[in-house]
Amino acid sequence: MPSAVDRPGRRAGTPEASLPARSGTGPDITADGLVVGYGRKRRAPLGLRGFSARFSPGITALVGPNGAGKSTFLRSACGLLAPSAGTLSVDGTDPSAFVSAHGVGFLPESPPLPGYLTPKEFLLGLAPEASALSAGDGDLYGIPGFRTILEKRIGTLSLGQKKKVALAAALSGDSGLLLLDEPTNGLDPLAVQDLREVLTRLGREGATVIVSSHHLDELQRLADVLVFVDGGRCVGNWTGSEALEQFGSFDALFEDVFRGRAA
Amino acid sequence: MSRGLAVAWSWRLPYWQRVSPGVTGGGLYLLLPVLFFLPLEVLPLFEDRLRGVALLLWFFALAFALGVASKRGVREEDSVWLLQKGVSLGEAALEDWLLDLGLNKVVALWWASIGTLALLGSGHSPGLLWVSLFALGVGTAALTQTFVLFLSGLGVRRSVDLTVLAIFLSLTAPALVFQSSARVQTAVDWILPPFKEAWVLAGALRAGDLHGVSASLLHILVFLGLFLAAGLWRISQWRPNG
C-alpha cells in the first residue's frame, strides 16, 4: 500500500511525488503589539518590540536586516517563546495550544540534530508516516537526494545534507503551518529549486508558509506577500505583485525601505 | 503507541547501541560478573566474598546507570523537534526513563544471577541472595537515573559530578551526623537522596526482615516519586534557546 510520503500518480523525482497529503487550509496568524524579549526575565533588548502583522494562508516572506526580530517571531509563532506583552494568535488560539493540537513545521536557523541517529530513525519519532520511508527511487518530501542518505548517520552527513534532514523534519506531518528560518542556507542549487517548488505547491494548496530569508531573488520567485521587519517592529508589507509593480525588484524595495530608514 | 513512546523507541534504541553503553560497552558490562568468581575475600577492601560481590555489583549498576542516563536524554536541543510536532517533553522524558529502567533491570538480572552462582555454597539461601542482589542493582540504578533526570530538568550540565557527590553524602551522612539527635539524623536521612537505602534494602531482604524491607522500599519509592515528578515537570517547561 503506498504511503503518504510516497504516493503514486506523479513522476518519480518531482517534489509532488512524495509530499505528505495535507488536509484543510492553514491557519491565520495575527500579531498585535507583540513584545518578546530574551533572557530570564525576557527584558533583554533583542526580540520583538510592538510587532503587529497578519499572516494568511499562502507564502509570506519575512524580510529584514540581521537582528530585526524575524527569528524571534517565527519562534513565537510556534509557541517556543511566550510574549511578554501584546497578543499573538494562531487560528484564534494561543500558539502553544495550536501546536499541541495540530503540530507545526518549524525549521530553526541552526537546526540541532542528533548525530547518532539516521535520518529515518530521527523522522520515525516525529512523524507517523515516516515508518514507510525506504531507500529506492524518487525524492522524499520533495527533497532531492534525501532518500540516498536515509540510512546514514546524521553525524557523518555534510552541512547541506543535514539541512535536508531538518527540512524533512519540518515538512513531515500534516500541520498546515510551516515556519522556515533561512531554509535555503547550505542547500545546493538543485535542492533550492526543488524546495521552491515544494513550498509553492504547499502555498497553493492553502498552507500558511512563512519564510525568513536574506535571499531576495529567491523570495521574489516565491513569496505572495512580503513583511518587512526592523527593530522588532513591522515596518511595511506589500504583496509580491505590488512590490514588483512599484519597485521593479525586491532588491530595490529592500534598498528603499532600509536605506530610507537608515537615512 | 503514544507519540512519546514512538519517539523513545526510535531514538533510544539507537542511542543504547551507538552511544551508551554501546555494543562494546554493553558486552563489557555483561562480561564484568566474571570478577564475582575471583577470591574477593582476600582483598582487604572486602570482609567476605558476599560483601565483595555486592560491592562490585553496586558499582557496576551505578556506573552503568550513570553512563546511560547522563550522556543524552530528552535534552533541550531535541525539544525544538518534539514541541513542534505536539509531543509532550515530559512524556518523552518519562518514556526514556522507563526504557532505561527496563534496560537496567535486564542487566541487574544478569548480574544478580551470576552473583548468586558465584556465591553458591556460601551458606546463604540462593533465592534470598538472588533477590537481594537484584534489588541492590535495580534500586541503585533507579535512584541514579532518577536523580540524573531531576538534575537535567533543572538544567544542570554536570549531572555526573553532582550525582557522585549526592551518593557520597548519602553513604557518609550517618557518620557525619552520628553525634546529632535522632530527629536530626532522621531529617538528614530523608533530605538526602537515599542511595544507601539500596544497601539497606538488600540487607533486609537477605535477612528476611520484612519491616526493614518495607521501610527501605517506602523510602526509595517516595524519593523516586518526588524527584521523578519534579524532574518531569521541569522538563515539560523546557523551551529551546529562550
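Note that this is a predicted model, so its numbers are computed, not measured.

Engineer: Explain the overall build of chain A here, please?
Structural biologist: Along chain A, the regular secondary structure elements total eight helices and nine strands. Burial statistics for chain A: of 263 residues in total, 50% are counted as buried.

Engineer: Please clarify how the overall build of chain B should be interpreted in this entry.
Structural biologist: In terms of regular secondary structure, chain B is built from 10 helices and zero strands. Written out in order from the N terminus, the α and β elements of chain B read α-α-α-α-α-α-α-α-α-α. A globule of 242 residues ought to have a C-alpha radius of gyration of about 18 Å, and chain B, at 19 Å, matches this closely. Along the three orthogonal principal directions, the C-alpha set of chain B runs to about 60 × 45 × 30 Å. Among the 242 residues that make up chain B, the fraction classed as buried is 44%. The contacts in chain B between residues at least 6 apart in sequence include a share of 73% that link residues at least 24 apart.

Engineer: Can you help me understand the interface of chain B and chain A in this one?
Structural biologist: By a frequent convention, interface size equals the accessible area lost on bringing the separate parts together. The interface is formed by 19 residues belonging to chain B together with 25 residues belonging to chain A. Listing elements by their share of the side of chain B that touches chain A, those giving two or more residues are α1 (3-18) and α4 (76-84) of chain B. Take the side of chain B that touches chain A: its biggest share by element is seven residues, from α1 of chain B. Tallied by class, residues from the side of chain B that touches chain A come to 10 nonpolar, four polar and five charged.

Engineer: What am I meant to see in the sheet that holds strand β5 (residues 105-107) of chain A here?
Structural biologist: Remark on secondary structure: sheet strands pair via backbone hydrogen bonds, oriented parallel or antiparallel. All names here are of chain A. Across the sheet, which stays open at both edges, the six strands sit in the order β5-β6-β7-β3-β8-β9 with mixed pairing between neighbours. With one partner strand each, in any of the chains shown, β5 and β9 (233-239) form the two edges of the open sheet. When the angles between neighbouring strand axes are averaged without regard to direction, this sheet yields 15°. In terms of strand pairing, strand β8 (residues 225-230) meets β9 through six bridges, oriented antiparallel. Note on β9: the bridge partner recorded for F228 is G236.

Engineer: What am I meant to see in the environment of A31 of chain A here?
Structural biologist: Residues and elements named next belong to chain A. Among the secondary structure elements, A31 is positioned in strand β1 (residues 29-37). A tally of 24 C-beta atoms within 10 Å means that A31 is categorised as buried. Measuring from C-alpha to C-alpha, the distance between A31 and R54 comes to 6.3 Å, with 23 residues separating the pair along the chain. Those residues in contact with A31 that sit more than four places away from it in its chain are F51, S52, A53 and L88.

Engineer: Would you take a moment to explain the nonpolar core for this structure?
Structural biologist: Considering soluble globular proteins, one finds that nonpolar side chains tend to be buried as a cluster. The biggest cluster of nonpolar side chains holds 145 residues, and the ones touching the most others in it are A168, L179 and L226 of chain A. At 14 residues, helix α6 (residues 126-153) of chain B tops the list of elements feeding residues into this core. Excluding its chain neighbours within four sequence positions, the residues that come into contact with A168 of chain A are P119, L123, L140, Y141, I143 and F146 of chain A.

Engineer: In this structure, what is going on with the pairing of β8 of chain A? I would like to understand it.
Structural biologist: Looking down a regular strand, the side chains alternate between one sheet face and the other. Residues and elements named next belong to chain A. With respect to burial, β8 is a largely interior element, five of its six residues being buried. Direction of pairing for strand β3 (residues 58-63) relative to β8: parallel, over a ladder of four bridges. Residue A61 lies in a different strand from β8, and its bridge partner there is L226. Joining the antiparallel neighbours β8 and β9 is a turn of two residues, in which G231 adopts a positive phi near 60°.

Engineer: I keep staring at the sheet that holds β1 of chain A and nothing clicks. Help me out?
Structural biologist: All names here are of chain A. In space, the three strands of this open sheet follow the order β2-β1-β4, with antiparallel pairing throughout. The sheet is open, and its two edges are formed by β2 (47-55) and β4 (85-90), each paired on a single side. For this sheet, the mean inter-axis angle between neighbouring strands, taken without regard to orientation, is 25°. Taken together, the seven bridges between β1 and β2 define a ladder with antiparallel strand orientation. Paired with L34 across the strands is F51, a residue of β2.

Engineer: Sorry if this is basic, but what is going on with the confidence of the model for chain A here?
Structural biologist: Interpretation of the predicted coordinates at a detailed level should be avoided for regions scoring low in pLDDT. Looking at chain A as a whole, the pLDDT averages 83, with 84% of positions reaching at least 70. Long-range and interchain partners of residues 1-22 of chain A, a stretch whose pLDDT sits below 50, account for 50 contacts in this model, where long-range means more than four residues apart.

Engineer: Mind showing me how you'd approach the packing of helix α9 (residues 197-207) of chain B against helix α10 (residues 210-236) of chain B here?
Structural biologist: Two packed helices can be described by the angle between their axes and the distance between those axes. All names here are of chain B. At a closest axis distance of 8 Å, the pairing of α9 and α10 adopts a crossing angle of 155°. Relative to α10, the element α9 is oriented roughly antiparallel. α9 and α10 meet at a crossing whose hand is left-handed. Facing α9, whose interface residues are E197, V200, L201, A204 and L205, α10 presents G212, V213, S216, L217, H219 and I220. Within the contact of α9 with α10, the residues separate by chemical class into seven nonpolar, three polar and one charged.

Engineer: I would appreciate a short explanation of unusual backbone geometry in the present structure.
Structural biologist: Outside of glycine, negative phi angles account for most residues, and trans bonds account for most peptide bonds. Omega for the bond connecting S20 of chain B with P21 of chain B falls within 30 degrees of zero, at 5°, which places this linkage in the cis form. As for its placement among the helices and strands, P21 of chain B is situated in the loop between α1 and α2 (22-31). With a phi close to 55°, D91 of chain A is a non-glycine residue in the positive phi region. Even without glycine at this site, E182 of chain A takes up a positive phi of about 50°. On the neighbour-count criterion, E182 of chain A (19 C-beta atoms within 10 Å) is partly exposed.

Engineer: What is the right way to read helix α5 (residues 89-119) of chain B from this model?
Structural biologist: One turn of the α-helix equals 3.6 residues, which is why residues spaced by three or four share an orientation. Spanning 31 residues, α5 of chain B covers 44 Å between terminal C-alpha atoms, matching the ideal 45 Å at 1.5 Å per step. One or two positions beyond α5 of chain B, positive phi appears at G121 of chain B, with a value near 90°.

Engineer: Help me understand the environment of V213 of chain B, please; the structure alone is not making it clear to me.
Structural biologist: Residues and elements named next belong to chain B. Assignment of secondary structure puts V213 in helix α10. By C-beta crowding, V213 is classed as buried, having 20 other C-beta atoms within 10 Å. In the structure, V213 is positioned 11 residues away from A202 in sequence and 8.1 Å away in space, judged by C-alpha atoms. Residue contacts for V213: discarding those within four places in its chain leaves L201, A204 and L205.

Engineer: How do you make sense of the pairing of β1 of chain A when you look at a structure like this?
Structural biologist: By the bridge criterion, five bridges tie β1 of chain A to β4 of chain A in an arrangement that is antiparallel. Bridge pairing links T30 of chain A to S89 of chain A in β4 of chain A.

Conventions adopted
- Residues numbered from 1 in each chain as written.
- Chains lettered and ligands numbered in written order.
- Predicted model: local features only at pLDDT ≥ 70, side-chain atom pairs only at ≥ 80, totals over all residues.
- Helix = DSSP H or I, 4+ residues; strand = E, 2+ residues; numbered from the N terminus.
- Buried ≥ 20, exposed ≤ 12 C-beta atoms within 10 Å, placed from the backbone.
- Rg over C-alpha atoms; globule rule 2.2 N^0.38 Å.
- Contact = placed C-beta atoms within 7 Å.
- Nonpolar A, V, L, I, M, F, W, Y, C, P; charged D, E, K, R; others polar.
- Pairing = 2+ DSSP bridges.
- Axes fitted to C-alpha atoms, helices over the stretch in contact; angles between N-to-C directions.
- Core = buried A, V, L, I, M, F, W, Y, C linked by C-beta atoms within 7 Å.
- pLDDT = per-residue confidence, 0-100.
- Parallel < 35°, antiparallel > 145°, perpendicular 65-115°, else oblique.
- Left-handed = near helix turned anticlockwise from the far one by under 90°.
- Expected span 1.5 Å × (residues − 1).

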